[in-house]
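Structural overview
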Amino acid sequence: MNQDRRDRLRDAAIAVLADAGGRGLTHRAVDAAADVPTGTAKNYFPTRDALLRAVAERCLEQYRALAAALAGAGPGPSDAQELAALLAGLLRNVAGPGRARVLAYLELQTEATRRPWLAELLDPIAAWDFAAYPHLLRAAGLPACPEHARALTLALHGALPHLLAGAPDTLAAAGLDDLDAFTRGLLATICPEETQ
């Protein structure tokens, strides 16, 4: 099979899932989004589960590429202010260029509640965050105990649906209308003595 066309179909499937949700993810919708002849997606991904698997694998590939870019960007944040700026940048990516990928990921997580194989396929994404944040905290000179890392990871993951929905009152109530202040406040809450 043609790998470029396969990737094009998987990217189109991410866009469809992000735009139309789980019910809108059909082979025909993916064909239309990829601008390929009807039946092409079905040839590459014959079943709905195969299509879901393809989207999950593509989301994982894109996430790993983002993580590798961050890891290759240098030694990491050297203090709490740099870490807050990095985290704010990640959240801006979610609201900007990474929006479709994250929306698709959240849709896949919902599907995964009924498909254990999909939950297993998606697991490395969240697992990587739980493993990475202790290193970032440590690099910034902050406590990197499991409790701090878990609180940071869960707070950031919990912010995603609100950030993506973009409801102004909710964003303001959550502090997500100012991502720099949000991440500084989050670190100050998790590690109060070290960030003062």
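Here we summarise the structure given alongside this text.

How each quantity is defined
Residues numbered from 1 in each chain as written. Predicted model: local features only at pLDDT ≥ 70, side-chain atom pairs only at ≥ 80, totals over all residues. Heavy atoms only, no water. Core = buried A, V, L, I, M, F, W, Y, C linked by side-chain atoms within 4.5 Å. Buried < 20%, exposed > 50% of the residue type's maximum accessible area, 1.4 Å probe, protein only. Helix = DSSP H or I, 4+ residues; strand = E, 2+ residues; numbered from the N terminus. Contact = heavy atoms within 4.5 Å. Salt bridge = Lys/Arg side-chain N within 4 Å of Asp/Glu carboxyl O. Phe/Tyr/Trp six-rings, centres within 6.5 Å; stacked < 30°, edge-to-face > 60°. Lys, Arg positive; Asp, Glu negative; His and termini not counted.

Points about the nonpolar core
Judged by nonpolar contacts, the single largest core of 30 residues is most densely connected at L9, L25, V30, V55, L108, L118 and L122. Secondary-structure elements contributing two or more residues to this core are α1 (3-24), α2 (27-34), α3 (40-44), α4 (48-71), α6 (99-112) and α7 (116-139). Ranked by the residues each element gives to this core, the list is headed by α4, at eight residues. Each residue touching L118, except ones within four places of it in the same chain, is listed here: L52, A56, L108, E111 and A112. Membership of the second largest hydrophobic core comes to 29 residues, among which are A144, L164, L171 and L187.

Overview of the pattern of salt bridges
With the rule as written, the count across this model stands at twelve salt bridges. Across the pair E61 and R10 runs a salt bridge, and its minimum N-O distance is 2.9 Å. Placement of the pair is E61 in helix α4 and R10 in helix α1, with a sequence separation of 51 residues. Note that D11 is salt-bridged to R58, the shortest N-O span being 2.7 Å. Remark: R58 occurs in helix α4 and D11 occurs in helix α1; sequence separation between them is 47 residues.

Description of the packing of aromatic side chains
Enumeration according to the criterion identifies two aromatic pairs in this entry. On the basis of an interplanar angle of 45° and a centroid distance of 6.2 Å, the ring pair of Y44 and F45 is categorised as tilted. A single burial state applies to Y44 and to F45, both of which are buried. Look at Y63 and W128: their rings are 5.8 Å apart centre to centre, the planes differ by 80°, and that puts the pair in the edge-to-face class. Here Y63, found in helix α4, pairs with W128, found in helix α7; they are 65 residues apart in sequence, far enough to count as distant. Here Y63 falls in the buried class, since its relative accessible area comes to 11%.

Focus: the side chain of R101
Within the fold, R101 resides in helix α6. With no salt bridge to any partner, buried R101 finds its closest opposite charge in D129, at an N-O distance of 8.2 Å. In contact with R101, not counting residues within four places along its chain, are I14, C59, Q62, Y63, L66 and N93.

Shape descriptors only; they carry no functional weight alone.
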